Amino acid sequence: MKYTSTRGKVPACGFIDTFLMGLGDDGGLMIPATIPAISSQTLAEWQRLSFQDLMLAVFSLYTNDEIPAEDLKDLVYTSYAGFRSPEVLPLTKLNDSLYILELFHGPTFAFKDVALQLMGNLYAYVAKKQNKVINILGATSGDTGAAAISGVRGKEGIQICILHPHEKVSRVQELQMTTVQDDNVLNLSVKGNFDDCQGIIKELFADLEFKNKYHLRAINSINFVRILAQSVYYFYAYLQLPEGVRAGGVNFSIPTGNFGNIFSGYLAKRMGLPINKLILATNENNILQRFVHDGIYMPDKFHSTYSPSMDIQIASNFERYLYYLCDEDANEVAERMERFKAEGRLEFNEAEREKILSDFGAHSVNGAECLNTIQAYKDRYDYLLDPHTACGIAAAEADRKDKLTVSLATAHPAKFDEAIRLCGIKQSFPEAVRELFDKPQRQVVLDNNKEDIVEQLVRFYPAD
Ligand SMILES: *Cc1c(COP(=O)(O)O)cnc(C)c1O
């Protein structure tokens, strides 16, 4: 398997080089040259696999034996040993047409752990085997930062710097990042929003001289390995459903910010998993919902919401979907991204809009609907949703009522007690969350200014 860029200007490269490159060197996103097709026979053979073994089966189609099978097995088994559920990602039935896939049983209580525990171990493996310098740089709307730091803290040969928007992440998210005392971790709290943080990171990754001098590595969903790791649980959820129930195909509802998790579902669908529709759930930052319904991709005013991990206007992975929407024509993608940069919007024609609507459903969930959903599911099922998961559930109800849907639970409610309390619900925190409140914090607060951030990085990272 070779990998190329959505903008077509990166020479074909292998799995590990794609992992290390992160953002494509031409500013595009890396994608496999061809997507492997999973036959229904293979899918049937995967029926009895544990999540770990399913991950090995999927990854072996993408890694070109660049990682020996025994090593890959060790990496995968080590990565999920710390999850609190024996099934790693349990599937819970709420009613005949609605299931919840709980992705939050990892160390930082959000779905980001699924990919980032593995990526942390994979970085440590590559650092050791290939003697590479690994300087991770990422932006977070809250959960990626915590999960990435947890994945690499204290690991030899790895430094990690995470930018988060100052006072725009939840209290628990902030504590999970800033109470880590290992010397290989630097937290920068930037006075701006997530799009500002992500914008600065993207500029630094696009500056090839800087990127190569400081060996910058990505953990955001611009990294294809993160997308791939997440695609595995779509297969896993499907295979957990009773055969009779899933016969007509399955819908997935996905709380969406950077379009990463939902693009992982799209990849699974293109590999051949019988997915009917991917339902895109947003909060008031609804650029993606408007894209699906109006055929126009255009950022709008930024809103702070109860689901801060989805407070994103510029969704990095949108470009990966655009590539497939343009029938894998990289020149066309490059041209449209140029146009987007110049005009701040993209419009899609009738045929494209039909295609978009056949792939996706969409619903934008406002604050009141989010809290009402949390309350309703607590009353009806005694099930406590976090505000992101609640957006997914509300979208499933609005878009696919009574059609078989798996809704992804992307975080544990303890991470977002601010919203839960507004519903008049008092929750008890898991021990690992409770103990955060007594720990000292370590972070540097900075203005939203690229030069100040670069100064911190240059001091922190070993260079050539
Ligand atoms: C990151 C995150 C999302 C959004 O995921 P994307 O891959 O950015 O679309 C949704 N919910 C939670 C809890 C998250 O942490």
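About the cut-offs
- Residues numbered from 1 in each chain as written.
- Predicted model: local features only at pLDDT ≥ 70, side-chain atom pairs only at ≥ 80, totals over all residues.
- Heavy atoms only, no water.
- UniProt positions renumbered as here; feature names shortened; annotations may be inferred.
- Helix = DSSP H or I, 4+ residues; strand = E, 2+ residues; numbered from the N terminus.
- Rg over C-alpha atoms; globule rule 2.2 N^0.38 Å.
- Buried < 20%, exposed > 50% of the residue type's maximum accessible area, 1.4 Å probe, protein only.
- Contact = heavy atoms within 4.5 Å.
- Areas by Shrake-Rupley, 256 points an atom, 1.4 Å probe, with all protein chains shown as cover.
- Lys, Arg positive; Asp, Glu negative; His and termini not counted.
- Charge placed at Lys NZ, Arg CZ, Asp CG, Glu CD.
- Axes fitted to C-alpha atoms, helices over the stretch in contact; angles between N-to-C directions.
- Parallel < 35°, antiparallel > 145°, perpendicular 65-115°, else oblique.
- Left-handed = near helix turned anticlockwise from the far one by under 90°.
- Pairing = 2+ DSSP bridges.
- Right-handed = clockwise from strand over helix to strand, strands pointing away.
- Near = heavy atom within 4 Å.
- Polar contact = N/O pair within 3.5 Å; in protein donor to acceptor, adjacent residues only side chain to side chain.
- 1 Å grid on protein atoms, 1.4 Å probe; cavity = no way out; pocket = protein on both sides within 12 Å on 5 of 7 lines; lining within 4 Å.
- Sits in = over half its atoms within 2 Å of the grid points.
- Nonpolar A, V, L, I, M, F, W, Y, C, P; charged D, E, K, R; others polar.
- Salt bridge = Lys/Arg side-chain N within 4 Å of Asp/Glu carboxyl O.

Looking at an unreviewed UniProt entry, one finds the protein named Threonine synthase, with Cohnella kolymensis as its source organism. Under the heading Function (unreviewed entry), UniProt records this for the protein: "Catalyzes the gamma-elimination of phosphate from L-phosphohomoserine and the beta-addition of water to produce L-threonine."

Along the backbone of the protein there are 21 helices and 15 strands. Here the C-alpha radius of gyration of the protein, 21 Å, is about what a compact globule of 464 residues would show, namely 23 Å. Projected onto its principal axes, the C-alpha positions of the protein cover 60 × 50 × 50 Å. For the protein, with 464 residues in total, the buried portion stands at 61%. Considering only residue pairs separated by 6 or more positions, the protein has 76% of its internal contacts joining residues 24 or more positions apart. Only carbon and sulfur atoms are counted for the fraction: they give 46% of the accessible area of the protein, which is about 17,500 Å². Taking the 47 positively charged and 60 negatively charged side chains of the protein as two groups, their mean positions are separated by 2 Å.

Further remarks concern the packing of helix 5 (residues 112–130) against helix 10 (residues 224–240). In the contact formed by helix 5 and helix 10, the axes pass within 9 Å of each other and the chain directions differ by 130 degrees. Between helix 5 and helix 10, the angle is such that the two are oblique. Both helix 5 and helix 10 take part in a crossing whose hand is right-handed. Residues K112, V114, A115, L116, L118, M119 and L122 of helix 5 lie in contact with helix 10, whose contacting residues are V225, R226, A229, Q230 and Y233.

Attention now moves to the UniProt feature "domain: Threonine synthase N-terminal" (unreviewed entry) in the protein. Mapped onto the present numbering, the UniProt feature "domain: Threonine synthase N-terminal" (unreviewed entry) falls at residues 2–80. As a span, residues 2–80 carries 43% helix and 8% strand, and end to end its C-alpha atoms are 27 Å apart.

Attention shifts here to the pairing of strand 5 (residues 134–139). Summarising burial for strand 5: six of the six residues are buried, a large majority. A two-sided burial pattern is seen for strand 5, the buried positions comprising I134, I136 and G138 on one face and N135, L137 and A139 on the other. Taken together, the six bridges between strand 5 and strand 6 (residues 158–165) define a ladder with parallel strand orientation. Across the sheet, the residue bridging to L137 is C161, located in strand 6. A crossover connection joins strand 5 to the parallel strand 6 through helix 6 (residues 143–152); in handedness this β-α-β unit is right-handed. In this sheet, strand 8 (residues 216–217) lies alongside strand 5 in parallel orientation, the contact comprising two bridges. The residue of strand 8 that forms the bridge with N135 is L216.

Attention now moves to the site of the ligand. Neighbouring residues of the ligand: 15 residues in total, closest K112, D143, G257, N258 and N261. Interatomic distance of 2.8 Å between a backbone N/O atom of N258 and an oxygen atom of the ligand. Between the ligand and the protein, one listed contact pairs an oxygen atom with a backbone N or O atom of N261 at 2.9 Å. Bound to the protein, the ligand loses 98% of the 380 Å² it would expose on its own. Taking a 2 Å distance to the grid points as the criterion, the majority of the atoms of the ligand fall inside the largest cavity. Classifying every residue of the shell around the ligand by side-chain character gives five nonpolar, eight polar and two charged.

In this structure, D327 is a non-glycine residue whose phi angle is positive, near 50 degrees. Mapped onto the fold, D327 is located in the loop between helix 14 (318–325) and helix 15 (330–343). Classification of D327 by relative accessible area gives exposed; the value is 68%. The phi angle at D402 is positive, at roughly 65 degrees, despite the residue not being glycine. Mapped onto the elements of the fold, D402 is located in the loop between helix 18 (387–400) and strand 14 (405–409).

Taken as a whole and assessed by the stated rule, the structure comprises 21 salt bridges. With its nearest N and O atoms 3.2 Å apart, the salt bridge here joins K93 to D96. For R400, the salt bridge identified is with D399, shortest N-O distance 3.2 Å. Here R400 falls in the buried class, since its relative accessible area comes to 14%. For D399, a relative accessible area of 22% corresponds to the partly exposed category. Where salt bridges share partners, they join K269, K355 and D359 into one cluster.

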